[in-house]
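Next come the chains, spelled out residue by residue.
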Amino acid sequence: MSTSLSSEVATLTAFIKPLTNPQLKDLLRYEGLQVSGLKATLQFRIIQRIQSLAESDPVSFDALARRIRATAFPNTVPYQSPTRPQYQPSPVSQSPAQARSAPLGVSMSPHPYSGPSAPLMKPPVAAHKSPGPLIFKESPFYTILEPLTPIVECKVREQTRDSVELKVMLSQQVAYKLQTDSNLRVMVYCAGDSGLTQYTKSDVAFPHQVELKVNLDEVKANLRGLKNRPGTTQPADVTNWIRKKPNYPNNIVMTYALTQKKFFALANLVKQHPTDDLVSQLKTRKLISKEQVLREMQNRANDSDIVATSSVMSLKCPLSTLRIQVPCRSIVCTHNQCFDASSFLELQKQAPTWTCPVCSKATSFESLQVDQYVDDILQSTSPDIDQVTVEPDGVWSSRTDSDATKLGGMTPASDDDDDLIEISEPGMPVVKQEPGPTNIALERTPAQSQSREASTPSSAMRMSSKKRPIAQVIDLTESGDEDEESPVPPPKRPVSSLPSRAFSRQDYHIPPASSPLNGGSYPP
């Protein structure tokens with residue numbers, strides 16, 4: 001491209017910037033390009049068109065340049081190219097409709113594609129249609145193959161509700177692939193308008209209040225993701241509601257309400273990648289070698305500024321709490337603790353936060369690698385081993401049940417323990433008993449005293465000689481007649497023989513009417 005032509009391109013690009021949206025759309029229609037999208041997207045399409053015509057089609061470039069200058073400066077003289085003679089199109093009569101649709105001060109010259117052979121032919125659309133602002137961030141679980149519908153705009157509805165419709169008509173080839181390949185899916189993608197440009201990669205985001213129906217059937221899907229976590233929403237899989245017939249008009253209706261910004265939606269043909277395939281991919285690519293792990297651990301052990309001690313490494317996944325099958329971790333993490341690859345990927349498929357479950361650092365599928373050091377530990381230990389002890393130099397050891405100390409016989413009691421443990425015979429289960437009553441008992445009939453002594457353990461439940469005295473237990477299992485004969489003793493006071501006890505002034509109370517003190521008689 002010559003210097004003068006480059007200067008023309010730069011000048012026209014500067015003229016594009018202050019144009020309004022209707023003016024930009026008129027230029028796009030003139031060139032047969034899409035007119036949907038934000039202002040930045042419209043500007044980008046026209047600038048791309050200018051650069052493409054400047055290198056390949058000088059005649060069309062001059063025609064577009066005249067129209068841009070006439071739109072930007074409607075009261076100036078027609079544009080004359082400084083590098084090539086003025087293009088003179090063949091005289092074609094201008095229809096009244098074209099004259100009425102032309103902006104004020106703009107001469108409607110025929111389109112360079114038009115001519116006597118095709119006076120009413122519309123200009124051909126560019127072979128490659130730009131997807132506009134909807135370029136979504138890549139996901140290891142899905143690969144977008146092709147769009148099935150145009151992009152629709154969901155306008156702002158702050159107080160009302162609205163609906164947009166996507167019409168999916170499958171070709172013969174796509175319908176056959178959907179019938180035979182279960183990994184091919186039809187998914188609805190949506191993104192919010194947050195200053196999107198042609199180079200912005202968007203997160204999947206639906207309006208907060210949204211309802212999705214396919215062929216009048218409601219789609220049950222989580223369209224919100226995690227609260228206050230952008231990027232955790234998944235596209236809506238509508239494959240099961242799509243009729244996989246060629247040229248059948250499948251209607252997808254998205255109803256939304258109370259939106260503060262615009263949203264853009266479309267349906268895509270997607271290739272999904274199962275978790276097992278991703279785990280197999282992890283095993284085949286670069287690994288964290290055992291030698292690398294040992295070298296890093298030895299370097300930390302030899303560092304004089306770090307006091308290295310042994311640590312316990314769990315062989316259970318922190319997500320599933322099951323034994324790890326494929327140990328992996330991110331290369332940006334500094335810890336040796338791993339998590340199970342399948343469990344981690346299944347969780348990310350549901351809500352893609354992509355944070356390490358051990359240290360909460362941001363990670364990605366590309367940064368995950370299988371740790372051969374931990375995998376060697378898993379292969380060398382039995383399935384019932386849940387953790388190992390790792391020394392600073394990388395030497396590890398596992399503690400089995402045979403290494404644990406087994407206690408037998410009586411367990412000595414410490415000075416701080418107030419409980420008594422009585423062991424009957426070796427081999428019998430240890431029974432822990434609560435502190436028993438003291439040897440102070442209520443004096444009743446001889447039969448009652450004997451029966452009470454027979455029901456107590458040997459030595460009449462020993463008195464505790466510990467720091468705290470054991471509370472005295474008073475037997476309250478007497479009959480109702482005896483309760484009526486004797487007054488109720490004060491709490492926590494040792495009780496002596498009832499017949500010999502004298503009533504004090506504090507303990508005195510009015511006896512019942514049937515008492516001998518009131519002229520009554522003893523019960524028979």
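Our structure is the block above this text.
What you see is a predicted model; the values in this text were computed from it and never measured.

## Concerning unusual backbone geometry
The backbone phi angle of N247 is positive, close to 65 degrees, even though this residue is not glycine. Mapped onto the secondary structure, N247 falls in the loop between β9 (236–237) and β10 (250–257). Taking relative accessible area as the criterion, N247 reaches 56% and is therefore assigned exposed. The backbone of W354 shows a phi angle near 55 degrees, a positive value even though the residue is not glycine. Here W354 shows up in the loop between α9 (341–350) and β15 (368–370). Judged by relative accessible area, W354 falls into the buried class, the value being 14%.

## A word on the sheet that holds strand β17 (residues 396–397)
With respect to topology, three strands assemble into an open sheet ordered β12-β16-β17, the strand pairing being antiparallel. The outermost strands of the open sheet, each flanked by one partner alone, are β12 (311–314) and β17. Note that β12 and strand β16 (residues 387–390) share four bridges and pair antiparallel. Bridged to V312 within β16 is T389.

## Notes on the pattern of salt bridges
Enumeration according to the criterion identifies twelve salt bridges in this entry. One salt bridge in this structure joins K290 and D376, with 3.3 Å as the shortest N-O distance. One end of the pair, K290, is in helix α8 (residues 290–301); the other, D376, is in helix α10 (residues 372–380), and 86 residues separate them in sequence. Using a relative accessible area of 27% as the deciding quantity, one classes D376 as partly exposed. The residue R329 makes a salt bridge to D371 at a minimum N-O spacing of 2.8 Å. Taken together, the positions of R329 in strand β13 (residues 327–330) and D371 in the loop between β15 and α10 put the pair 42 residues apart, joining distant regions of the chain. The residues R329 and D371 share a single accessibility class, namely buried.

## Some remarks on the packing of α8 against α10
Helix-helix packing: each pair is described by the crossing angle between the helix axes and the interaxial distance. Interhelical geometry of α8 versus α10 gives an angle of 105 degrees and a closest axis separation of 7 Å. Classified by the angle their axes make, α8 and α10 are roughly perpendicular. Along the contact surface, α8 presents K290, V293, L294 and M297, while α10 presents Q372, Y373 and D376. When the residues that make up the contact of α8 with α10 are grouped by side-chain class, the tally is four nonpolar, one polar and two charged.

## Regarding helix α4 (residues 58–72)
The end-to-end C-alpha distance of α4 is 21 Å, a good match for the 21 Å that 15 residues give at a rise of 1.5 Å each. The element α4 is largely enclosed, with a buried count of eleven among its 15 residues. Buried residues in α4 make contact with α1 (3–16), α2 (21–31) and α3 (39–56).

## A closer look at the nonpolar core
The biggest cluster of nonpolar side chains holds 71 residues, and the ones touching the most others in it are L212, V238, I252 and L345. In contact with V238, other than residues within four places in its own chain, are V186, V188, L212, V214, V219 and I252. Within the second largest apolar cluster, 20 residues are counted, among which are F15, L27, L33 and I46.

## Let's talk about the sheet that holds β10
Read from one edge to the other, the open sheet built from four strands follows the order β4-β10-β7-β8, with strand pairing classed as antiparallel. Each edge of the open sheet carries a strand with a single partner, namely β4 (161–168) and β8 (217–218). As paired strands, strand β7 (residues 209–214) and β8 are joined by two bridges and run antiparallel to one another. Bridge assignment links V214 to a residue of β8, and that residue is D217.

## Observations regarding the packing of α1 against α3
Interaxial distance between α1 and α3 falls to 10 Å at its minimum, and their mutual angle equals 165 degrees. Of the possible angle classes, the one that applies to α1 and α3 is roughly antiparallel. α1 and α3 meet at a crossing whose hand is right-handed. Taken together, the residues of α3 that come into contact with α1 (itself represented by L5, V9, L12, T13 and I16) are Q43, I46, I47, I50, Q51 and A54. Split into classes, the residues belonging to the contact of α1 with α3 amount to eight nonpolar, three polar and no charged.

## Describing the packing of aromatic side chains
According to the stated counting rule, one finds four aromatic pairs in the structure shown. Their ring planes at 40 degrees and their centres at 4.8 Å tell us that F339 and F344 sit as a pair that is tilted. Each member of the pair, F339 as well as F344, carries the same accessibility label: buried. A connected cluster of aromatic rings, assembled from ring pairs, spans F141, F339, F344 and W354. The aromatic ring of F365 is capped on one face by R285, whose charged end is 4.6 Å from the ring centroid.

## Examining the pairing of strand β11 (residues 263–272)
The buried fraction of β11 amounts to nine of the ten residues, a majority that puts the element mostly inside the structure. Pairing of strand β2 (residues 142–147) with β11 involves five bridges; the strand directions are antiparallel. Residue pairing for β11: T143 is matched across the bridge by K271. Where strand β3 (residues 152–154) meets β11, three bridges bridge the pair, whose relative direction is antiparallel.

What counts as what
Residues numbered from 1 in each chain as written. Predicted model: local features only at pLDDT ≥ 70, side-chain atom pairs only at ≥ 80, totals over all residues. Heavy atoms only, no water. Helix = DSSP H or I, 4+ residues; strand = E, 2+ residues; numbered from the N terminus. Buried < 20%, exposed > 50% of the residue type's maximum accessible area, 1.4 Å probe, protein only. Pairing = 2+ DSSP bridges. Salt bridge = Lys/Arg side-chain N within 4 Å of Asp/Glu carboxyl O. Axes fitted to C-alpha atoms, helices over the stretch in contact; angles between N-to-C directions. Parallel < 35°, antiparallel > 145°, perpendicular 65-115°, else oblique. Contact = heavy atoms within 4.5 Å. Nonpolar A, V, L, I, M, F, W, Y, C, P; charged D, E, K, R; others polar. Expected span 1.5 Å × (residues − 1). Core = buried A, V, L, I, M, F, W, Y, C linked by side-chain atoms within 4.5 Å. Left-handed = near helix turned anticlockwise from the far one by under 90°. Phe/Tyr/Trp six-rings, centres within 6.5 Å; stacked < 30°, edge-to-face > 60°. Lys NZ or Arg CZ within 6 Å of the ring centre and 35° of its normal.

So yeah, pure geometry; function would need other evidence.
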